[in-house]
Amino acid sequence: MIKLLTCVEPDSFTLTRAAAATPMVEDAVSDILKTVQAQGDVAVLAYGKRFDGADLHTLEVTRAEVDAAWANADQQFVAILQQAHANITAFHEKQRRTGFTMSEQAGVVLGQKITPLDRVGVYVPGGTAAYPSTVLMDVVPAKLAGVGSIIMATPPRKDGSVNPDILVAARIAGVDRIFKMGGAQAVGALSYGTQTVPKVDKIVGPGNIYVATAKRMVFGLVDIDMIAGPSEILVIADDTANPDFVAVDLLSQAEHDTLASAVLVTVSQTLAQKVQERIEFHLQTLPRRDIATQAIENNSCIVVTDTLENAVAISNRMAPEHLEVCTAEPFALLPLIRHAGSIFLGHYAPEALGDYFAGPNHTLPTSGTARFSSPLGVDDFCKKSSFIYYTKGALHAVAPAIDTFATREGLHAHALSVRIRGEAQP
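Trainee: Can you lay out the overall build of the protein chain for me, pointing to particular residues and giving the numbers?
Mentor: Check the secondary structure of the protein chain and you find 16 helices and 14 strands. Its C-alpha atoms give the protein chain principal-axis dimensions of about 85 × 60 × 45 Å. Counting only residues that meet the buried cut, the protein chain has 47% of its 426 residues in that class. Long-range pairs, those at least 24 residues apart, make up 75% of the contacts in the protein chain with a sequence separation of at least 6.

Pasting the structure below:
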């Protein structure tokens, strides 16, 4: 049963989150990365056989495989994917930015140039569950940013095939190439490049502890979106909340992973007790009951506090991946919320709405990193360069200031580089 904590003050609230990678995991990932870097496709194929049970001879998904998945797809689900794609596109289009130019000073032009990344790798899990939603969420902002080439990696099934829903989503989203590879070996292949897998500039997408550890280890050689931890949700609720709604929303994250966390913070002791009871009731019918039960018992809790302001303070302290505000006036609390990956307002905005359909991205900061990071978006697939232009007269006007600055820092060639231009003949 989920723990119930009463009379909790914000400063005293703590939540034990899943531990980071163990030395054993780090050693295993390091070995995999080194082997992939040295052996390329041979290593990736061997790891695919060892970890996924797939005896492959080539890594890349063929056009025929994608065509077959498309031809055999459930047309109702295709329509749902297409509508979700349209919603995600409409939301992320608002994030697109262009550079700027400023020339307020005579003879001076300054600006910022925004350039999309050349090639991005998207990792799509395929273990205990397959997530076509991840394809849409990770590819759409990359396409809108103008990324030149999008490479997708996803683990094969034992028969060597890829989940057809993932292939259909990849076609809708506009993935350029797809490779049958998962785990740390996929991260290595995308980072170093192999005989058939092109090297990318950035890797995005969720994965297990091996994938997360591999992304952390290759960061610097390539960019990454984030080091994702287990899924988490925090619900702020008052006595207007439906206990069944809240209980199921908590379970919607608990069923992801045994390490997931689900927290209710409420000002109603009655609601707290009812949610505790309804969690136990709904657990009985969940297909992933064993996973959800472990997450509920080990990593989750219900917290009773005295005011909604304190509830928000507890939430800010946790900085949850998903935050639901199930209160009579949710927008009244929005200005107080400082740290959350995605915020769901009201009794009819369950977290699942954001996972699949509404439009905002579901690739979110976890493990408290919402204190300083943001959901995946178009900006994650661009880089910015500044540019500077000065005429001779404009440089001459500021030369003494630069000369003084550089000299005080002991960088005399810096000073000379400005001075010499003033001394040069036209």
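Trainee: Give a description of the packing of aromatic side chains that names residues and reports values.
Mentor: The full count for this structure, using the stated rule, is two aromatic pairs. Seen from their ring centres, Tyr47 and Phe51 are 5.7 Å apart, and the 5° between their planes marks the pair as stacked. Of the two residues, Tyr47 and Phe51 are both situated in helix H2 (residues 41-52); the distance of four residues between them amounts to about one turn of the helix. Judged by relative accessible area, which is 43%, Phe51 ranks as partly exposed. Arg278 extends its terminal NZ or CZ atom over the ring of Phe281, reaching a point 4.2 Å from the ring centre.

Trainee: Pulling in residues and values, what's your account of the pattern of salt bridges?
Mentor: Scanning the model with the defined rule gives ten salt bridges in all. For Arg97, the salt bridge goes to Asp379, with nearest N and O atoms at 3.2 Å. Note that Arg97 is positioned in the loop between helix H4 (75-93) and strand E2 (100-102) and Asp379 in the loop between helix H14 (351-356) and strand E14 (382-390), a separation of 282 residues in sequence. For Arg97, a relative accessible area of 45% corresponds to the partly exposed category. With a relative accessible area of 36%, Asp379 lands in the partly exposed category. One salt-bridge network, in which partners are shared between bridges, spans Lys202, Asp223 and Asp380.

Trainee: Account for the packing of helix H1 (residues 23-39) against H2, naming residues and giving values.
Mentor: Look at H1 against H2: their axes get within 6 Å of each other, and the N-to-C directions meet at 140°. The orientation of H1 with respect to H2, classified from their angle, is oblique. Every residue of H2 that contacts H1 at Asp31, Ile32, Thr35, Val36 and Gln39 is listed here: Asp41, Val42, Ala43, Val44, Tyr47 and Phe51. Looking at side-chain class alone, the contact of H1 with H2 contains seven nonpolar, two polar and two charged residues.

Trainee: Any details on the packing of helix H5 (residues 132-145) against helix H6 (residues 164-173)? Residues and values, ideally.
Mentor: Following both chains from N to C, one finds H5 and H6 inclined at 20°, their axes separated by 9 Å at the closest point. Between H5 and H6, the interaxial angle falls into the category roughly parallel. Helix-helix and strand crossings are classified by hand; for H5 and H6 the assignment is right-handed. Residues Pro132, Val135, Leu136, Val139 and Lys143 of H5 touch H6, and the partners they reach there are Asp165, Ile166, Ala169, Ala170, Ile172 and Ala173.

Trainee: For a nonpolar patch on the surface, give the residues involved together with the corresponding values.
Mentor: Among the surface-exposed residues, Ile80, Leu353, Tyr356 and Phe357 lie close enough to one another that they form a single nonpolar patch of about 360 Å² accessible area. In this structure, Ile80 sits in helix H4. Judged by relative accessible area, which is 40%, Ile80 ranks as partly exposed.

Trainee: For the nonpolar core, give the residues involved together with the corresponding values.
Mentor: Core analysis: the largest hydrophobic core is formed by 38 residues, its most contacted members being Val135, Leu136, Met152, Ile178 and Phe381. Listed by contribution, the elements that provide at least two residues to this core are helix H3 (63-71), H4, strand E4 (119-123), H5, strand E5 (149-154) and H6. The element best represented in this core is H5, accounting for eight residues. Discounting chain neighbours no more than four positions away, the residues touching Val135 are Val124, Val140, Met152, Ile166, Ala169, Ala170, Ala173 and Val175. Formed by 30 residues, the second largest nonpolar core is a distinct cluster that contains Val29, Val187, Ile203 and Val222.

Trainee: Which residues make up the side chain of Lys215, and what values go with them?
Mentor: Along the chain, Lys215 falls in helix H8 (residues 209-218). Leaving out residues up to four positions away in the same chain, Lys215 has contacts with Val187, Ile203, Val204, Gly205, Ile224, Asp225 and Met226.

Trainee: Would you mind going over the sheet that holds strand E7 (residues 202-204) in detail, with residue names and values included?
Mentor: Strand order in the open sheet formed by five strands is E6-E5-E4-E7-E8, and the pairing between neighbours is parallel. If you trace the sheet from one side to the other, it starts and ends with strand E6 (177-180) and strand E8 (223-224), each paired once. Where E5 lies against E6, four bridges are found, and the strand directions are parallel. When the bridges of E6 are listed, Thr154 appears paired with Lys180.

Trainee: Go over the side chain of Gln253 with me, naming the residues and quoting the values.
Mentor: Of note, Gln253 is situated in helix H9 (residues 243-254). Residues contacting Gln253, with those up to four places away along its chain left out, are Ser231, Glu232, Ile233, Ala260, Ser261, Glu321, His322, Glu351 and Asp355.

Trainee: Could you give me a rundown of helix H12 (residues 308-318), with the residues and numbers involved?
Mentor: Those residues of H12 that fall on the buried side of the exposure criterion are Asn310, Ala311, Val312, Ile314, Ser315, Asn316 and Met318. Elements that come into contact with the buried residues of H12 comprise strand E9 (232-237), strand E10 (261-266), strand E11 (301-304), strand E12 (322-326) and helix H13 (330-333). Ala319, located one to two residues past H12, shows a positive phi value of around 50°.

Trainee: Break down the sheet that holds E11 for me, citing the residues and quoting the values.
Mentor: The strand order across the open sheet built from six strands is E1-E11-E10-E9-E12-E13, with neighbouring strands paired in parallel fashion. A strand with exactly one partner marks an edge of an open sheet, and here the two such strands are strand E1 (3-5) and strand E13 (342-345). The average angle at which neighbouring strand axes cross in this sheet is 15°, direction not considered. The sheet contact formed by E10 and E11 spans four bridges and is parallel. The residue of E11 that forms the bridge with Leu264 is Ile302. On the sheet, H9 packs against E9, E10 and E12 and is oriented at approximately 165° with respect to E9. Sheet strands in contact with H12 are E9, E10, E11 and E12, and its direction is about 170° off that of E9.

Rules and cut-offs
Residues numbered from 1 in each chain as written. Predicted model: local features only at pLDDT ≥ 70, side-chain atom pairs only at ≥ 80, totals over all residues. Heavy atoms only, no water. Helix = DSSP H or I, 4+ residues; strand = E, 2+ residues; numbered from the N terminus. Buried < 20%, exposed > 50% of the residue type's maximum accessible area, 1.4 Å probe, protein only. Contact = heavy atoms within 4.5 Å. Phe/Tyr/Trp six-rings, centres within 6.5 Å; stacked < 30°, edge-to-face > 60°. Lys NZ or Arg CZ within 6 Å of the ring centre and 35° of its normal. Salt bridge = Lys/Arg side-chain N within 4 Å of Asp/Glu carboxyl O. Axes fitted to C-alpha atoms, helices over the stretch in contact; angles between N-to-C directions. Parallel < 35°, antiparallel > 145°, perpendicular 65-115°, else oblique. Nonpolar A, V, L, I, M, F, W, Y, C, P; charged D, E, K, R; others polar. Left-handed = near helix turned anticlockwise from the far one by under 90°. Patch = residues over 30% accessible without salt bridge, like charges linked within 9 Å, V, L, I, M, F, W, Y side chains within 5 Å. Areas by Shrake-Rupley, 256 points an atom, 1.4 Å probe, with all protein chains shown as cover. Core = buried A, V, L, I, M, F, W, Y, C linked by side-chain atoms within 4.5 Å. Pairing = 2+ DSSP bridges.

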